[in-house]
Amino acid sequence: MDRKTILEQGLLLAYLLDELDGNQREQVEQVLAEDPVLREEFTRLEADFENLAMENAIAPPASVRKRLETKLETTEQPSQEGIRSLKGTKTYDRTRLLVAASMAALFALSTFWLYTRWQEAEENIRLAREEQQQLKETLEILSGEMREVQQLNAMLNDGDMIPVLLKGNRLSPEARAVAYVNHKTRSVMVNPKALPPLSENETYQMWADVDGEMISMGLVPTDQELVALAYIDRAESLNITIEPKGGSDHPTVERLISNAYL
Amino acid sequence: MDENLQIERLREGDKNALYSLYDRYSGALFGVVLRMCRDRGMAEDLLQEIFLTIWEKIDQFDPSKGKFYTWAYRIARNKTLNALRKSDPLIQTEDMRVYKDIREEETTQDFEALNGVVMKLEDHHQKVIELVYFKGYTHREAHKIMGVPLGTFKSYVRQALIQLREKYPTAFTLLLLCLDVIEHG
């Protein structure tokens, strides 16, 4: 069925008047739901007939509304009516009714019990899954931390590793950093966690002093546990300065906050 | 108050919402029911029943399928036709002549005259609207009452709807669209 058929056969009016059989009604409703043009046409038809009915309205006597109100007030509790009507019907076999009611109650109870158990089981599974996910995440975090600790441990236990404590001078008396220098593996790591935080436009930078010349070893961000820096041959001391963001080619010596001899 | 809101409140069991809808639509529905059954006492009982049904079955009203008034009109129409069938066994027969005798040839009562835009239609179009909408006849019954072939009657219906559409102000553009659809698909 399509819009054309519906309009040509006058089915829209028949639908409005509720004259279609179930099958036809469903078909018309389906086309109405899918076809906005037909839908609009039906809405107009409804409006026309509503206007028509309003223009031809006849006021009912006020007693009808009063009766309606009374009726609604008295049927406030439909459940009681239901009980009354059961009592009034004597054709029912009381025993059979009781058996049926008991069975229905038993069935309802067992269904409810099973449903509750099912819901509990679902909830338990959900909780178990959440717990498993949390454990997995914790395990990953712990594994990561353990790897770091192992690395740190391996580094610290290395006989060739020399720890160097860098203390802050009067410009930054609170500052502390530990550098781990290994001449054999030619590596330098720094733990910067005890350096005071800087503004966004500043950064710590580390320098190696070689024959009186400061050579950059790299920037030292303070949000990391260990920072790998460049190993510089023949370094005599390690120095930390505060530099503009991004670092400098030459150290701002006025802002040297710490140094340590090797 | 907004009708949708009233219907929503009616669904929640608010009697005042029902009374508001009653105040708005009882006249229109009473006009239909009274013209259909031609008996004031019966029409008043039916009107009360119709609003009780609206109260009880409002959950079955689906606004996506049409307007509230259309839904209420269908309830009114079906209830009245059922009541007429029950009240008079002759109407249950398939003999349209008997049907016609009972429902058409009584003296015309004062409430039956139609008003408004429908009076501007040609006589046979007025009759079509009256039979189909205000008397609740199916097309198959109504064409016999008018004494014209079913095909002719259906043409009258279509013309009457188009004229109604023309007389009510909002509709002209859609009428053209409708005609276009009818002519070209």
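Residues numbered from 1 in each chain as written. Chains lettered and ligands numbered in written order. Predicted model: local features only at pLDDT ≥ 70, side-chain atom pairs only at ≥ 80, totals over all residues.

A. Highlighting the overall build of chain A. For chain A, the helix and strand inventory stands at 7 helices and 8 strands. Counting over 262 residues, chain A shows a buried share of 20%. Partitioning the intrachain contacts of chain A with sequence separation of at least 6 by distance along the chain shows that 53% fall at a separation of at least 24. (Helix = DSSP H or I, 4+ residues; strand = E, 2+ residues; numbered from the N terminus. Buried ≥ 20, exposed ≤ 12 C-beta atoms within 10 Å, placed from the backbone. Contact = placed C-beta atoms within 7 Å.)

B. Focus on the pairing of strand β5 (residues 213-220) of chain A. Residue and element names in this part refer to chain A. Strand direction decides the pairing type here: strand β4 (residues 202-210) and β5, joined by 7 bridges, are antiparallel. In the sheet register, Gln-205 faces β5, and the bridge partner there is Leu-219. Linkage of β4 to β5, two consecutive antiparallel strands, is achieved through a turn of 2 residues, within which Asp-211 is found at a positive phi near 50°. (Pairing = 2+ DSSP bridges.)

C. Representation of the packing of helix α7 (residues 139-146) of chain B against helix α8 (residues 150-167) of chain B. Residue and element names in this part refer to chain B. For the pair α7 and α8, the least separation of the axes is 9 Å and the interaxial angle reads 100°. Overall, the two elements α7 and α8 adopt an arrangement that is roughly perpendicular. Of the residues in α8, those touching α7 at His-139, Arg-140, Ala-142, His-143 and Met-146 are Leu-150, Phe-153 and Lys-154. A breakdown of the residues in the contact of α7 with α8 according to their chemical character gives 4 nonpolar, 2 polar and 2 charged. (Axes fitted to C-alpha atoms, helices over the stretch in contact; angles between N-to-C directions. Parallel < 35°, antiparallel > 145°, perpendicular 65-115°, else oblique. Nonpolar A, V, L, I, M, F, W, Y, C, P; charged D, E, K, R; others polar.)

D. View of the interface of chain A and chain B. Between chain A and chain B, the residue contacts involve 36 residues of the former and 47 residues of the latter. For the side of chain A that touches chain B, the secondary-structure elements that each account for two or more residues are α1 (3-8), α2 (11-16), α4 (36-55) and α5 (62-74) of chain A. Of the residues forming the side of chain A that touches chain B, the biggest block, 13 residues, is contributed by α4(A). The residue inventory of the side of chain A that touches chain B, partitioned by class, reads 17 nonpolar, 3 polar and 16 charged.

E. Structural detail: the nonpolar core. Judged by nonpolar contacts, the single largest core of 61 residues is most densely connected at B:Leu29, B:Val32, B:Val33, B:Leu47, B:Ala72 and B:Val132. Broken down by element, this core gets its largest block of residues, 13 residues, from helix α2 (residues 15-37) of chain B. Discounting chain neighbours no more than four positions away, the residues touching B:Leu47 are A:Pro60, A:Val64, B:Ser26, B:Leu29, B:Phe30 and B:Val33. One finds A:Ala177, A:Leu195, A:Val227 and A:Ile242 within the second-largest nonpolar core, a separate group that totals 21 residues. (Core = buried A, V, L, I, M, F, W, Y, C linked by C-beta atoms within 7 Å.)

F. The arrangement of the packing of helix α3 (residues 40-57) of chain B against helix α4 (residues 68-87) of chain B in detail. All names here are of chain B. Contact pair α3 / α4: the axes reach a minimum separation of 10 Å and the direction vectors enclose 135°. Accordingly, the angle class assigned to the pair α3 and α4 is oblique. For the element pair α3 and α4, the recorded crossing hand is right-handed. Across the interface between the two elements, Met-42, Leu-46, Glu-49, Ile-50, Thr-53 and Ile-54 from α3 touch Ala-72, Ile-75, Ala-76, Lys-79, Thr-80 and Ala-83 from α4. Across the contact of α3 with α4, the residue classes tally to 8 nonpolar, 2 polar and 2 charged. (Left-handed = near helix turned anticlockwise from the far one by under 90°.)

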